[in-house]
Amino acid sequence: MGALLVIGDVVTDVVARHRGPLAAGTDTAAAIRTLPGGAGANVACWAAHSGCADVRLLGRVGADAAAWHERELVACGVRPLLVVDPEAPTGTVICLVDTGASAERTFLTDSGASLRLAPEDWSPALLDGVAHLHLSGYLFFSEPSRALVSVALESARARGVRVSLDPASAGFLTELGVDRFLELVEGVDVLLPSRDEAYLLTGLPDPADAAAKLSRHVPLVVAKQGADGAVVARSGTVRAHVPALPATPRDTTGAGDAFTGAFLAALLGGAEPEEAAAEGCGAGATAVERVGGRPPTGP
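A. Representation of the overall build of the protein within the structure. Across its full length, the protein carries 9 helices and 13 strands. Going through the 299 residues of the protein one by one, you find that 55% of them count as buried. Considering only contacts within the protein whose residues lie at least 6 apart along the sequence, 71% involve residues at least 24 apart. Counting only carbon and sulfur atoms, one obtains 52% of the accessible surface of the protein, whose full area is about 12,300 Å². Placing the 23 positive and 35 negative side-chain charges of the protein at their respective mean positions leaves the two points 3 Å apart.

Now the structure itself:
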């Protein structure tokens, strides 16, 4: 089994767990923690946690938190390939989590250094020993990182390395534009959208219809449906509906990243996409019962 290289965002998460609506103009009691995060970094950590022996992460951070993020990635079993930005601080995301039954979250995002990855941060040698390249969708939301995606995709195609992509954010997708996004993902082998992202990219409210349509653009689509599991579609046809595992949500931050990481680890291990999606659902269930977007570490 070759290595998994993830290219994506490394950010600091400030998670504020509150109950009920925020009280505008005054205080709302909350439990607040500062944790390592970022969709790309989370995927890498969950892939390592799920049994992928060689996981590497290319990301860009500020000098303010580079050492801390490197330590946290190493603790999760990930080999960090972090570029330290001389100007921008590490990205920060404030995660507002309602501690009601849904544990739904809202993000306030300052991408900082994470979206300043650029072609000069890339080398084809980064693919040495790599069997699969995974791209965080956040890379598509700035010009420098879009240019990096282009050269990384070209390198991957030249070496026959399979490529997957998680669109990452329905909000940022709306700003970029659906047609532009679909143009940019030309050559990607696996797409892992959320329910909202699949709907946005197709205009189809039914998850199965959306996944089938997307799989005419990308050969394999695994549409994540949260508590409704996942839909696997290939070449325009739905191949499987994979059920979710029961869970009691505490914080849904990073649940999709957990799914993606476990899915990729299983796929690299030789599993069929349907089996890999079941592994993803298991990791997602574990993730929502934890605070933050990373897997447990240590004994």
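Additional details are given in the paragraphs that follow.
B. A look at helix H1 (residues 39–49). Among the 11 residues that make up H1, 10 are buried, leaving the element largely enclosed by the rest of the structure. Among all positions of H1, only Ala 39, Gly 40, Ala 41, Asn 42, Val 43, Ala 44, Cys 45, Trp 46, Ala 47 and Ala 48 are buried. Within two residues after H1, Gly 51 carries a phi angle of roughly 115°, on the positive side.

C. Here's a closer look at helix H7 (residues 207–214). Ala 208, Ala 210, Ala 211, Ala 212 and Leu 214 are the residues of H7 that are buried. Between a side-chain oxygen at the N-terminus of H7 and the backbone nitrogen of Ala 208 the separation is 3.1 Å; the capping residue is Asp 206.

D. The arrangement of the pattern of salt bridges in detail. In this structure the tally under the stated criterion is 12 salt bridges. With a shortest N-O distance of 2.8 Å, Arg 60 and Asp 121 are connected by a salt bridge. Of this pair, Arg 60 sits in strand S4 (residues 55–62) while Asp 121 sits in the loop between strand S7 (105–110) and strand S8 (130–136), and the two are 61 residues apart along the sequence. Taking the relative accessible area as the measure of exposure, Asp 121 reaches 15% and is therefore buried. Among the ionic pairs, Asp 128 bridges to Arg 159, the shortest N-O distance being 2.8 Å. Residue Asp 128 is located in the loop between S7 and S8, and its partner Arg 159 is located in helix H3 (residues 143–159); the two are separated by 31 residues in the primary sequence. Arg 159 sits in the partly exposed class, given a relative accessible area of 41%. Salt bridges sharing common partners tie together Arg 60, Asp 85, Glu 87, Arg 116 and Asp 121.

E. View of the side chain of Arg 17. Topologically, Arg 17 is positioned in strand S2 (residues 11–18). When its relative accessible area of 19% is taken as the criterion, Arg 17 is described as buried. Within polar-contact distance, the side chain of Arg 17 engages the backbone oxygen of Arg 250 at 3.4 Å. Leaving out residues up to four positions away in the same chain, Arg 17 has contacts with Ala 29, Ala 30, Ala 31, Val 97, Thr 99, Arg 250 and Val 291.

F. Just the side chain of Glu 197, in detail. Tracing the sequence through the fold places Glu 197 in helix H6 (residues 195–202). Summary of buried charges: Glu 197 has no salt-bridge partner, and the nearest side chain of opposite charge, Lys 224, is 5.7 Å away. Side-chain polar atoms of Glu 197 contact the backbone nitrogen of Ser 194, separated by 2.8 Å. Those residues in contact with Glu 197 that lie beyond four places of it in its chain are Asp 166, Pro 167, Ala 168, Ser 169, Ala 170, Leu 173 and Leu 192.

G. Molecular detail of unusual backbone geometry. Backbone geometry at Ala 168 places phi at a positive 85°, although glycine is not the residue there. Structurally, Ala 168 is set in the loop between strand S9 (162–166) and helix H4 (170–176). Even without being a glycine, Ser 235 presents a positive backbone phi close to 50°. Summarising the element assignment, Ser 235 is placed in the loop between strand S12 (230–234) and strand S13 (237–242).

H. Representation of the packing of H1 against helix H8 (residues 255–268). Between H1 and H8, the least distance of the axes is 7 Å, while the angle of their chain directions is 45°. Viewed along their axes, H1 and H8 adopt a mutual orientation that is oblique. The interaxial crossing formed by H1 with H8 has right-handed handedness. Where H1 approaches H8, its residues Ala 39, Asn 42, Val 43, Trp 46 and Ala 47 are matched on the opposing element by Asp 257, Ala 258, Thr 260, Gly 261, Ala 262, Leu 264 and Ala 265. Within the contact of H1 with H8, the residues separate by chemical class into 8 nonpolar, 3 polar and 1 charged.

What counts and how
Residues numbered from 1 in each chain as written. Predicted model: local features only at pLDDT ≥ 70, side-chain atom pairs only at ≥ 80, totals over all residues. Heavy atoms only, no water. Helix = DSSP H or I, 4+ residues; strand = E, 2+ residues; numbered from the N terminus. Buried < 20%, exposed > 50% of the residue type's maximum accessible area, 1.4 Å probe, protein only. Contact = heavy atoms within 4.5 Å. Areas by Shrake-Rupley, 256 points an atom, 1.4 Å probe, with all protein chains shown as cover. Lys, Arg positive; Asp, Glu negative; His and termini not counted. Charge placed at Lys NZ, Arg CZ, Asp CG, Glu CD. Polar contact = N/O pair within 3.5 Å; in protein donor to acceptor, adjacent residues only side chain to side chain. Salt bridge = Lys/Arg side-chain N within 4 Å of Asp/Glu carboxyl O. Axes fitted to C-alpha atoms, helices over the stretch in contact; angles between N-to-C directions. Parallel < 35°, antiparallel > 145°, perpendicular 65-115°, else oblique. Left-handed = near helix turned anticlockwise from the far one by under 90°. Nonpolar A, V, L, I, M, F, W, Y, C, P; charged D, E, K, R; others polar.

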